[in-house]
Structure formats: structure tokens, C-alpha cells
Amino acid sequence: MEIESLVANSALVRAREGGGSKGKSWKWREMLRFPHISQCQDLAMEIERDYYSLCVKQPIGKKLFQLFCRSRPDLQPYMSLQDALDTFETKSDEERKDFGISIIQRFLMRQSGQCVPIVSKHEESCIQSLEADPCTDVFHACREDLHKHLGGESFNQYQDSMFFDRFLQWKMLERQPITKQCFRQYRLLGKGGFGEVWACQVRATGMMYACKKLEKTHVKKRRGEAMALNEKQILEGLDSRFVVNLVYAYETKHALCMVLTMMSGGDLRFHIYNIGEPGLDRKRVRFYAAEVCCGLIHLHRMSILYRDLKPENILLDDNGHIRISDLGLAVKLSEGILVRGRVGTLGYMAPEVINLERYGMSADWWGLGCLIYEMTAGQPPFRAKGEHPKPPEMERRILKEQEEYSNKFSPNMKDLCSLLLSKDPKERLGCQGSGGREIQSHSFFKKINFRMLEAGLVEAPFKPDPRLVYCSDVQDIEEFSSVKGVTLDQTDSNFYTKFNTGKVPVNWQNEIIETGCFRELNIFGPVGSRSPDLDW
Ligand code: ADP
Ligand code: MG
Ligand code: MG
């Protein structure tokens, strides 16, 4: 490896080790200094007073609302119930029944000293569903009623408290514009169609991210505006542990930037081909396939068709969990309407896409079939090692040829792959009416507990080595060529403004909490004073 690469890698590894706490700038408190509450008045007027958004969905809002509730003795029982319901969700299948019963005995039964009357009417139905299957959402109705109750008078009182003032102060910080100066930049991670992806770190919090840069001149020359905006807008509306998060969108003089979850473990292509013999062991194939399946289900539930499933777009994080990335080709389908369009990468395109037919989510399930095949065989389904067939030949194979299964495939695996690679979308698994759930119940996934997986409670079979950098050496990533003769004008600026929306609230708030900044800064003044401690 060349010295340049070694230096770039070790700088990145060191930053990652400190990432999230030690990586903070020495000026971080100044960067996150609360504005005086008098400066929050406009925001107070315009912010939508919606309980769900302010106290459930936004992580900092949720924390402050809970702090408010805990400061009020009369609300204590509701908080205890909420804590118990949260704990219930972290229990394994075997523990759920007993823990569920203890919740019912403590909070739902009228004879209990801790009974919470607003939910006690659910006692019977909760017992029944716990008996029937403890792995369902047993306390759904209780949680709904709890929120309905807290969202009433308590929510009104919260808005007059110092806790809500503090929320407004955090929201003002959230609104500060984002520039290049907010980040430190580390090594180049990869190259995309419109620009490069770099490792970066937020100076104020120490959090590591990947910054996907789209060169303005490239975007313009190749008319990529709609595509760039589409990717950004789809990403900001998503919230899944199986899809990369967009945390910041901003612009510099030359580029549009999307700051995304840092995926330090590299992409699946790298793992399939660059580490030992091509292919992955069965445990890993099953685990990655299961997580991708959950990610696709999430996208499809939001009516988003992904269309670009292939190993290089599936990335691994520090802990070995995957996320789907690169949503440039994703489309939002409106109410049952199918799309047409030959997009994606030819080797992974479904027959109906190649044939210019109208298609829906079926195209992604075909993609999952290709992915499982490639992870197992160490080569894609319709192309042999080192072979580069011309596009018409590739099309012919996808449309006509039956893929072959070596003895690397177990019978279950082969069965699942061939069901996903059904040429006719009507016959394909995943397209029979209940979507991805059909795939999850295939016997290949018998050992996967999807409830636990979706809650992030399953450990990955392979954990990337924190001292390694899982991507090509810096000098091996082709340099990004510059475009000449493109001038940027007013129409371009209008588009940039639409793109440049700054922080994505939920994800930025999570960063503040995860890096400990919330805990360190969210200090209140002497008890009894209404306003939060402002100057320090
Ligand atoms: P394009 O849309 O142009 O294909 P991608 O989003 O796929 O761009 O990014 C290009 C490459 O950059 C990826 O193949 C991957 O190696 C790297 N990369 C992208 N996003 C991340 C991320 N969040 N973390 C780490 N590396 C990433
Ligand atoms: Mg890509
Ligand atoms: Mg893309």
C-alpha cells in the first residue's frame, strides 16, 4: 500500500475511534450555545403544536417532554407505565410472556396500588393476546391511550414550562445554516456518478458521517437535477435502521452535499469479492438477505420502489448490520400506479423492466433474488466469472435462461432464489399479495427472528475490524474528472435552494443525544426559575 493511503487510512481510523465524543472541537460548547429565549419568539409562534411531532417523533422533544412529566408527581405513574412498555419491547420471545403479565398485574389490574385507570379497560384483551402470542404488539391500545392522555392537558402545561422553552432553544440551534466549515474531512471512500463520497466528522459533536458530493457542473451537464433532488427528498422522508439516514443537505460553491450515516464496514461487493474466496458463508447470506428484506419492506410501505439493488449499494456499519444506500433511482409510486422505464444496472434488471412493461415492487424482489444468488455463488446469476457479455446477450439470458445452482446452495436457498427469480412477476415470491412478508416466512429464514431483527436486537454474524478500512486504496479510486464549459445561472440557484435544506430534524437530534451533547448542555438553572440557565 502506498504511503498516501496509509496516512489517509490511519487518520480515518483515529477519527473513528474518537468519533462521537473525543472528536469534538475544543470550541464545541460555543458552537452549540443556546440563543436567549427572547430570540425564540418567532419560532414559538410558527411551530406547529402537534403532540405527536413534538413529544414522540422528535428525539430531543421526546426527552424534554419526559423530563417535564418526571418533574410532576401526578404524572409519575404514566412515566412508569411508559418505561415498562419500552422495556417490554427489548425482551426476548421467551421473556415476553412473564414480563407482559407483570405489566398487567402492576398497571392494568384495578386492585394494584400502581393501577393506571386510563388503560385498565384493556386488561382482558391484553391477557388474551399475551396468551395467544406474546410476540405481537400486545400493548398497542395501552400505548395509544397513554399518548391520548398525555397529549391533552399535560401537553398544554408542557408548552408553558421551561422544558418547552429549552426545546425551542434546541430548535433554534437546529436552524443554524450548514456550511463546509461545520465538518472536518477525512479520506475519500468511493466514487459515484456525479461526484465523490468522503468520510467527514461534525466539529461540534465529533460524529462521523459519509458526505456524498454531487458536483454542480456534472449534475448540470448530465441533467441530473431531478435525480439529485429525488434522492434527497426520498431519503429525508425515511426512518429505518435498514436504510442510510440523511442528516444534512447543504451546498458549497461547487457541490451539493448529502451527509449520510457512516457505513465503515464497506459494501457487500467488497466483502463478496475482495476478502478470501468469492462469496459469503450461509449465516451471513441469511442475515444480510433478511435485513435487506426488512429495508425493502420499509421502502415499499412508503410506496417507494428502490430499483438499484446490487451488492455495491448494500453497506455495512461498524457492527456488521447492513443498510440500503444510493436511492438515486428510487421512485415514489402513487396509489397503485405502476412505472415503466429501463433503469438500474442491466445485470440486475428484472425481465419486466428489460421488456419495458409496467412494473411495481416486483422489480425489487427480483433484485433480492440476484443478491442472494451472488452472495452465495460468488458470482451474479447470469454472468460467469470474468465474463463481460454484450448487453443484448445479457438481456437474452435474463429473459430466457434458467440460472444454475451449484452445491453451494442448500435446498432451501435454491428454492428461495428460484422463487424470487421467477421470470413472470405474477409468479414471483413477494408479489402474491402480502409483499415481503411472504419472503420472511420462507423456510430459508426459519432461524431469523424478524421481530428482534427489526428492533435491532440481533447481533450480526460478522463484525468489521475497527482498525481496518474496508474500501479500495485512495489512489485506486479513479479521479473525478472536471467538466468544462458549463456555466451556472439563476435556474440552477433555484434548484440548489430546494436542495439546500440543512439539518434533517430527527436525525440531527439523534446525533446530539448519541454524542452526549444533549446530556452535557441540557442543564437547567436554579429550581423554581422559569427560564433555563442561559448564560455560561
Ligand atoms: P452513486 O449514486 O453515484 O452510485 P453511491 O451513493 O452509490 O453513489 O456512492 C458511491 C460509493 O461511495 C459507494 O459505492 C460506496 O463505496 C461509497 N459510499 C456511499 N455512501 C456511503 C456511506 N454512507 N458510507 C460509506 N461509504 C459510502
Ligand atoms: Mg451506487
Ligand atoms: Mg445513485
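Residues numbered from 1 in each chain as written. Chains lettered and ligands numbered in written order. Predicted model: local features only at pLDDT ≥ 70, side-chain atom pairs only at ≥ 80, totals over all residues.

If you check an unreviewed UniProt entry, the protein chain appears there as G protein-coupled receptor kinase from Stegastes partitus. Here is the UniProt Sequence similarities (unreviewed entry) comment for the protein chain, exactly as written: "Belongs to the protein kinase superfamily. AGC Ser/Thr protein kinase family. GPRK subfamily." In its Catalytic activity (unreviewed entry) section, the UniProt record describing the protein chain reads: "[G-protein-coupled receptor] + ATP = [G-protein-coupled receptor]-phosphate + ADP + H(+)". (UniProt positions renumbered as here; feature names shortened; annotations may be inferred.)

Asker: I'd like to hear about the nonpolar core, residue by residue, with values.
Answerer: Soluble, globular proteins show a tendency: their nonpolar side chains are buried together. Ranked by size, the top nonpolar core spans 130 residues in total, and within it Tyr 209, Val 292 and Leu 368 carry the most contacts. In this view, Leu 368 contacts Ala 289, Val 292, Cys 293, Leu 296, Leu 309 and Leu 420; residues no more than four positions away in its chain are not counted. (Core = buried A, V, L, I, M, F, W, Y, C linked by C-beta atoms within 7 Å. Buried ≥ 20, exposed ≤ 12 C-beta atoms within 10 Å, placed from the backbone. Contact = placed C-beta atoms within 7 Å.)

Asker: Please provide a residue-by-residue account of the site of ligand 1, values included.
Answerer: Close to ligand 1 lie 21 residues; Gly 190, Gly 192, Val 197, Ala 210 and Met 263 are nearest. Where the shell around ligand 1 is concerned, the elements lending two or more residues are β1 (183–191), β3 (208–215) and β5 (255–261). A breakdown of the residues in the shell around ligand 1 according to their chemical character gives ten nonpolar, seven polar and four charged. (Near = placed C-beta within 6 Å. Helix = DSSP H or I, 4+ residues; strand = E, 2+ residues; numbered from the N terminus. Nonpolar A, V, L, I, M, F, W, Y, C, P; charged D, E, K, R; others polar.)

Asker: Hey, could you go over the UniProt feature "domain: Protein kinase" (unreviewed entry) in the protein chain for me, with residue numbers and the actual values?
Answerer: Those residues carrying the UniProt feature "domain: Protein kinase" (unreviewed entry) are residues 183–445 in this numbering. The distance from the first to the last C-alpha atom of residues 183–445 is 41 Å, and the span holds 34% helix and 18% strand.

Asker: Which residues make up the pairing of β1, and what are the values?
Answerer: Within a regular beta strand, the side chains point alternately toward one face of the sheet and then the other, so they alternate between its two faces. Pairing between β1 and strand β2 (residues 196–202): six bridges, direction antiparallel. The partner of Gly 190 across the bridge, within β2, is Val 197. From the end of β1 to the start of β2, which pair antiparallel, there are four residues. (Pairing = 2+ DSSP bridges.)

Asker: Tell me about the sheet that holds strand β4 (residues 246–251), and name the residues and values.
Answerer: Reading across from one edge, β1-β2-β3-β5-β4-β10 is the order of the six strands in this open sheet, with antiparallel pairing throughout. The two strands at the open ends of the sheet, each matched to only one other strand, are β1 and β10 (502–503). The strands that helix α23 (residues 505–514) touches are β4 and β10; relative to β4, the one it contacts most, it runs at about 110°. (Axes fitted to C-alpha atoms, helices over the stretch in contact; angles between N-to-C directions.)

Asker: Describe the packing of helix α5 (residues 59–70) against helix α11 (residues 162–175), and please don't skip the residues or the numbers.
Answerer: Look at α5 against α11: their axes get within 9 Å of each other, and the N-to-C directions meet at 165°. Considering the angle they form, α5 stands roughly antiparallel to α11. In terms of crossing hand, the pair formed by α5 and α11 is right-handed. Between α5 and α11, the residues in contact are Ile 60, Gly 61, Leu 64, Leu 67 and Phe 68 and Phe 163, Arg 166, Phe 167 and Trp 170, respectively. For the contact of α5 with α11, the class distribution of residues is seven nonpolar, one polar and one charged. (Parallel < 35°, antiparallel > 145°, perpendicular 65-115°, else oblique. Left-handed = near helix turned anticlockwise from the far one by under 90°.)

Asker: Can you explain helix α17 (residues 362–377)? Please cite residues and give values.
Answerer: Between its terminal C-alpha atoms α17 stretches 23 Å, which fits the 22 Å expected from 16 residues at 1.5 Å a residue. Gly 378, located one to two residues past α17, shows a positive phi value of around 75°. (Expected span 1.5 Å × (residues − 1).)

Asker: Tell me about the pairing of β3, and name the residues and values.
Answerer: In terms of burial, β3 is a largely internal element, eight of the eight residues being buried. The two faces of β3 match: Met 208, Ala 210, Lys 212 and Leu 214 on one face and Tyr 209, Cys 211, Lys 213 and Glu 215 on the other face are all buried. Sheet analysis places β3 next to β5, joined by seven bridges and oriented antiparallel. For Glu 215, the partnering residue across the bridge sits in β5 and is Ala 255.

Asker: With reference to specific residues and values, describe the UniProt feature "domain: RGS" (unreviewed entry) in the protein chain.
Answerer: Per the UniProt entry, the sites bearing "domain: RGS" (unreviewed entry) are residues 56–168 in this numbering. As annotated, residues 56–168 has a helix share of 73% and a strand share of 0%, and its two end C-alpha atoms lie 16 Å apart.

Asker: Help me get a handle on the confidence of the model for the protein chain, residues and values and all.
Answerer: When pLDDT is averaged across the protein chain, the result is 92; 97% of the residues are at 70 or more. Confidence, read as mean pLDDT per element, is least for helix α1 (residues 3–18) in the protein chain (84) and greatest for strand β8 (residues 322–324) (98). Scored as a whole, the predicted complex attains pTM 0.92, and scored at its interfaces, ipTM 0.98. (pLDDT = per-residue confidence, 0-100.)

Asker: Summarise unusual backbone geometry; cite the residues concerned and give the values.
Answerer: Notably, Ser 303 is not glycine yet its phi reads approximately 65°, a positive angle. Note that Ser 303 resides in the loop between α15 (282–301) and β6 (304–305). Here Ser 303 falls in the partly exposed class, since 15 other C-beta atoms lie within 10 Å of it. Notably, Asp 326 is not glycine yet its phi reads approximately 65°, a positive angle. Positionally, Asp 326 belongs in the loop between β8 and β9 (331–332). Overall, the presence of 22 C-beta atoms within 10 Å leaves Asp 326 in the buried class.

Asker: Break down the environment of Glu 236 for me, with residues and values.
Answerer: By secondary structure assignment, the location of Glu 236 is in helix α13 (residues 225–236). By the C-beta count within 10 Å, which is 18 here, Glu 236 ends up partly exposed. Expressed as a C-alpha distance, the spacing of Glu 236 and Tyr 248, which sit twelve residues apart in the sequence, is 9.1 Å. When neighbours within four sequence positions are excluded, Glu 236 is seen to be in contact with Leu 246 and Val 504.

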